[in-house]
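Understanding the architecture of this molecule
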Amino acid sequence: MQRRFLIILFTMLVLGALTACGSQSKEDVMKKLEKQSEEMAGYKTEANMKMRTGEEEQKYHIQVWHKKDDFYRVKLENDQDEKGSQIILKNDSGVYVLTPALNKSFKFQSEWPQNTSQPYLYASLLKDIQADGDAEFSATENHFKFKTKTNYQNNKTLPYQEIYFDKKSYQPVMVKVFDQDMNALVEVQFANFAKDESLKKEDFDVDKNMAMAPSEVPVASMEGTEMAEILYPQETYGADLAEEQEVKTEDGKRVIMTYGGDKSFTLIQEKAEVQPASAQYSVQVNGEPVQLADGVIGAMENNRLEWSQNGTTYQLASNDLTQAEMVSVASSINSTAVK
């Protein structure tokens, strides 16, 4: 009889413990996530990102390095762009967007990544959860899930996200970003998330990261190639193509398109210029790095947006479009040439 009582008591204790483990509140989980973030001297992770925000699905491989407190290195490689990768760096000198294949960099005095959502950065995910007082919390067999609002400064078409953390490690597993109709247009899958105390400030140095380019993408590989076909934006906010002018340059041609209407703008396309390896080309920008619908990082400065893709450099300028509208126009230049 005593043995039976002990078995029942043991079973009740085990079930009680399992119930307690499985019934953690949103506040309990957030405290553990925040504690883990505070205790990490740094981390490295890799992720695969799918973007369905354009006409064609884009796939990116992302490598993230973070050193406490404010050092970031994010390398983005597009499976469909053979011209190399882009790297976002943040160090104590500022924020940089590097295009090693062109030996070119943009420097920003920016609050990135604090000023906008970043689905592949651990701290940004926590910030979005903290900022949303109505964030929804639930638990599955293996994951803790948060549904929150997003904070994309130049893209209001992606207002919601679901963030999944592993129940045992509290590490990010997956992020889904949704449109107004709850269609998942961005999906990030994390892998190899690991704490790393070995990262040094030098790992976030611009020159050091540029010097890695020859082993990844030969800088000279783009020399002698022609500019890709001329592309036209699918989103023009009612503006019509009023004039298209072609100008000869030393490297080929420059195409200047003028769109007229209430939302007038100018779009320039020309072959991306590869800078000599001995002379890195740096552009100072009084603005922000912005991510287009296909994942490419551009430089936004007041009423002007510049980016490079598939061997072509684009410049978009407008006094009538908002910055969010400029991002939409730029993001729509991703398909077969259509006037």
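Remember, it's a predicted structure, so these values are computed and weren't measured experimentally. (Residues numbered from 1 in each chain as written. Predicted model: local features only at pLDDT ≥ 70, side-chain atom pairs only at ≥ 80, totals over all residues. Heavy atoms only, no water.)

1. Focus: the pairing of strand S8 (residues 143-149)
Of the two faces of S8, the one holding Phe144, Phe146 and Thr148 is buried and the one holding His143, Lys145, Lys147 and Lys149 is not buried anywhere. Two elements, strand S7 (residues 136-139) and S8, share 4 bridges in a ladder whose sense is antiparallel. When the sheet's bridge partners are listed, Glu136 is paired in S8 with Lys147. What sits between the antiparallel neighbours S7 and S8 is a turn of 3 residues. When S8 meets strand S9 (residues 160-166), the two strands line up antiparallel, connected through 7 bridges. (Buried < 20%, exposed > 50% of the residue type's maximum accessible area, 1.4 Å probe, protein only. Helix = DSSP H or I, 4+ residues; strand = E, 2+ residues; numbered from the N terminus. Pairing = 2+ DSSP bridges.)

2. Section: the pairing of strand S17 (residues 297-301)
Where burial is concerned, most of S17 is hidden: 4 out of the 5 residues are buried. By the bridge criterion, 4 bridges tie strand S16 (residues 288-291) to S17 in an arrangement that is antiparallel. Paired with Val290 across the two strands is Gly298, which belongs to S17. Linking two consecutive strands that pair antiparallel, namely S16 and S17, is a turn of 5 residues; a positive phi of about 95° is found at Gly295 within it. Across 3 bridges, the pairing between S17 and strand S18 (residues 304-309) is antiparallel. Residue pairing across strands places Ala299 opposite Glu306, the latter belonging to S18.

3. Things to note about the packing of aromatic side chains
By the definition in use, this model includes 13 aromatic pairs. A centroid spacing of 6.0 Å and a plane angle of 80° characterise the contact between Tyr72 and Trp112, whose relative ring orientation is edge-to-face. Of this pair, Tyr72 sits in strand S3 (residues 71-78) while Trp112 sits in the loop between strand S6 (104-108) and helix H3 (122-131), and the two are 40 residues apart along the sequence. Residue Tyr72 is classed as buried on the basis of its relative accessible area of 4%. Considering the side-chain rings of Phe137 and Phe146, the 5.1 Å spacing of their centres and the 55° angle between planes classify their relative orientation as tilted. Its relative accessible area of 0% is what places Phe146 among the buried residues. (Phe/Tyr/Trp six-rings, centres within 6.5 Å; stacked < 30°, edge-to-face > 60°.)

4. Section: the side chain of Gln118
Positionally, Gln118 belongs in the loop between S6 and H3. Given a relative accessible area of 7%, Gln118 falls into the buried group. The residues contacting Gln118, other than those within four sequence positions of it, are Trp112, Pro113, Ser124 and Leu125. (Contact = heavy atoms within 4.5 Å.)

5. Quick word on the sheet that holds S16
Taken in spatial order, the 7 strands line up as S12-S13-S14-S19-S18-S17-S16 in an open sheet, and their pairing is antiparallel. Two strands lie at the open edges of the sheet, namely strand S12 (240-249) and S16, each paired on one side alone. With direction set aside, neighbouring strand axes in the sheet form an average angle of 20°. Relative to strand S14 (residues 265-271), strand S13 (residues 252-260) is paired through 6 bridges, and the arrangement is antiparallel. Across the sheet, the residue bridging to Ile256 is Ile268, located in S14. The sheet contacts of helix H6 (residues 323-331) involve S14, S16, S17, S18 and strand S19 (312-317), and relative to S18 the element is tilted by about 25°. (Axes fitted to C-alpha atoms, helices over the stretch in contact; angles between N-to-C directions.)

6. Focus: empty space enclosed by the protein
Across all of its chains, the model carries 2 cavities of 30 Å³ or more by this definition. Estimates place the volume of the second largest cavity at around 40 Å³. What lines the second largest cavity is simply Gln86, Thr99, Leu102, Lys104, Phe106, Ile297, Trp307 and Ser308. Residues belonging to the lining of the second largest cavity are distributed by class as follows: 4 nonpolar, 3 polar and 1 charged. (1 Å grid on protein atoms, 1.4 Å probe; cavity = no way out; pocket = protein on both sides within 12 Å on 5 of 7 lines; lining within 4 Å. Points joined across faces, edges and corners; volume = space filled by probe spheres on them. Nonpolar A, V, L, I, M, F, W, Y, C, P; charged D, E, K, R; others polar.)

7. A few points about helix H2 (residues 26-39)
Residues spaced three or four apart along an α-helix face the same direction, because each turn holds 3.6 residues. Helix length check: H2, at 14 residues, gives a terminal C-alpha distance of 20 Å against a target of 20 Å (1.5 Å per residue), a fit within 8%. Turning to H2, its buried residues number three or more, namely Val29, Met30, Leu33 and Gln36. Across the axial projection of H2, the buried residues extend over an arc of 125°, all falling on one side. Structural note: H2 exposes Lys31, Glu38 and Glu39 on the side pointing more than 90 degrees away from its buried face. (Expected span 1.5 Å × (residues − 1). Arc of directions from axis to C-beta.)

8. Quick word on the pattern of salt bridges
This structure, assessed with the given rule, holds 12 salt bridges. One salt bridge connects Glu306 with Lys104, and the closest N-O pair in it is separated by 2.8 Å. Of the two residues, Glu306 sits in strand S18 while Lys104 sits in strand S6, which places them 202 residues apart along the sequence. In this structure, Glu306 and Lys104 share a single accessibility class: buried. The partner of Lys208 in a salt bridge is Asp203, and the shortest N-O contact between them spans 3.0 Å. Judged by its relative accessible area of 15%, Asp203 is buried. What emerges from the salt-bridge pattern is a single network uniting Lys104, Arg304 and Glu306. (Salt bridge = Lys/Arg side-chain N within 4 Å of Asp/Glu carboxyl O.)

Purely geometric numbers; function is a separate question.
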